[in-house]
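Architecture and fold: a report
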Amino acid sequence: YNQYRIDASVRSKDMATSLTDYMNATTNFARMGEALEDAQALGEVAVMYKNVGDEVESIDDATNSLISTMEAFKISTKDAIKVVDEANYVGNNFAITSGAIGQILQRSASSMNAANTSLEKTIALGTAAQTIVQDEEKVGSALSTLSMRLRGSTTELENAGEEVDEYAASTSKMREEIMALTKFDIMQNDTTYKDIYDIL
């Protein structure tokens, strides 16, 4: 820990951030059960996200977004920078900020991954919706609710305070109704959903 404190002082200067932000980022990941070395590496990714991401307000926002996204999509420590790269690229090239992408992912990543939808496709859907809605909290919640409804996840819907109707309670009814209306099957087979991006 003494060595970490020395390293943190040097690295925070190298990364143009405060020692407090650097240490808080590491601490946030350590609380998730990461070993010190991994927590420090992830903390540095969070610092980069805060530094390069438009409207990433604080180091806590950066770490919370990274934690929820990495957990949901099972992204390893060594691949964590991928989340920042994706958010930064889209934020630089489309009508959305990196911070908004982080907020959308924080609210929807778990549900979207449960619906076999990749990080990239989730960002694409979030970006398309945010361009119109301009409210990342609503967009993230809408993607999450859409995923829960299409998967007929009554427990998740009830926990989120959403109404559960006959279609939400029955995957087969939902599947049959959508097939009748659109000729599109929301399932790859009897147990696996197609991803939300393809369904939409």
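It should be emphasised that the depicted structure is a prediction, and the values quoted were computed from it without experimental measurement.

Notes on the overall build of the chain
Helix and strand content of the chain: 12 helices and zero strands. Its C-alpha atoms put the chain at 65 × 35 × 30 Å along the principal axes. Relative to its 200 residues, the chain shows a buried fraction of 43%. Taking the intrachain contacts of the chain between residues at least 6 apart in sequence as the baseline, contacts between residues at least 24 apart amount to 54%. On the chain, roughly 10500 Å² of surface is accessible, and the fraction owed to carbon and sulfur atoms is 48%. Across the chain, the centroid of the 17 positively charged side chains sits 2 Å from that of the 32 negatively charged ones.

Concerning unusual backbone geometry
Despite not being glycine, Lys74 has its phi angle at roughly 55°, a positive value. Looking at the element boundaries, Lys74 is found in the loop between helix H4 (59–73) and helix H5 (81–93). Residue class for Lys74 comes out exposed when judged on its relative accessible area of 67%. For Asn116, which is not a glycine, the phi torsion comes out positive at approximately 60°. You can see Asn116 is positioned in the loop between helix H6 (98–114) and helix H7 (119–133). The exposure class assigned to Asn116 is partly exposed, which follows from its relative accessible area of 38%.

Focus on the packing of helix H2 (residues 19–30) against H4
Relative to each other, H2 and H4 sit at 25°, their axes nearing to 10 Å. On the basis of their axis angle, the class for H2 and H4 is roughly parallel. Note that H2 runs across H4; the crossing there is right-handed. Residue-level inspection shows Asp21, Asn24, Ala25, Asn28 and Phe29 of H2 in contact with H4, the latter providing Ile59, Asp60, Thr63, Leu66 and Ile67.

Comments concerning the side chain of Glu44
The residue Glu44 is located in helix H3 (residues 36–52) in this model. Setting aside chain neighbours within four positions, we find Glu44 in contact with Arg11, Met15 and Tyr22.

Brief notes about H7
Quick reminder: α-helices carry 3.6 residues per turn. Residues three or four places apart thus point the same way. The terminal C-alpha atoms of H7, which comprises 15 residues, lie 20 Å apart, in line with the 21 Å expected from a rise of 1.5 Å per residue. Every buried residue of H7 is listed here: Leu119, Thr122, Ile123, Leu125, Gly126, Thr127 and Gln130. Gln134 occupies a position one or two residues after H7 and carries a positive phi of about 60°.

Section: the environment of Ala160
Relative to the assigned elements, Ala160 resides in the loop between helix H9 (154–159) and helix H10 (166–169). Considered as a pair, Ala160 and Asn2 are 158 residues apart in the sequence and their alpha carbons are 44 Å apart.

What counts, and where the lines are drawn
Residues numbered from 1 in each chain as written. Predicted model: local features only at pLDDT ≥ 70, side-chain atom pairs only at ≥ 80, totals over all residues. Heavy atoms only, no water. Helix = DSSP H or I, 4+ residues; strand = E, 2+ residues; numbered from the N terminus. Buried < 20%, exposed > 50% of the residue type's maximum accessible area, 1.4 Å probe, protein only. Contact = heavy atoms within 4.5 Å. Areas by Shrake-Rupley, 256 points an atom, 1.4 Å probe, with all protein chains shown as cover. Lys, Arg positive; Asp, Glu negative; His and termini not counted. Charge placed at Lys NZ, Arg CZ, Asp CG, Glu CD. Axes fitted to C-alpha atoms, helices over the stretch in contact; angles between N-to-C directions. Parallel < 35°, antiparallel > 145°, perpendicular 65-115°, else oblique. Left-handed = near helix turned anticlockwise from the far one by under 90°. Expected span 1.5 Å × (residues − 1).

All we've got here are geometric facts, nothing functional implied.
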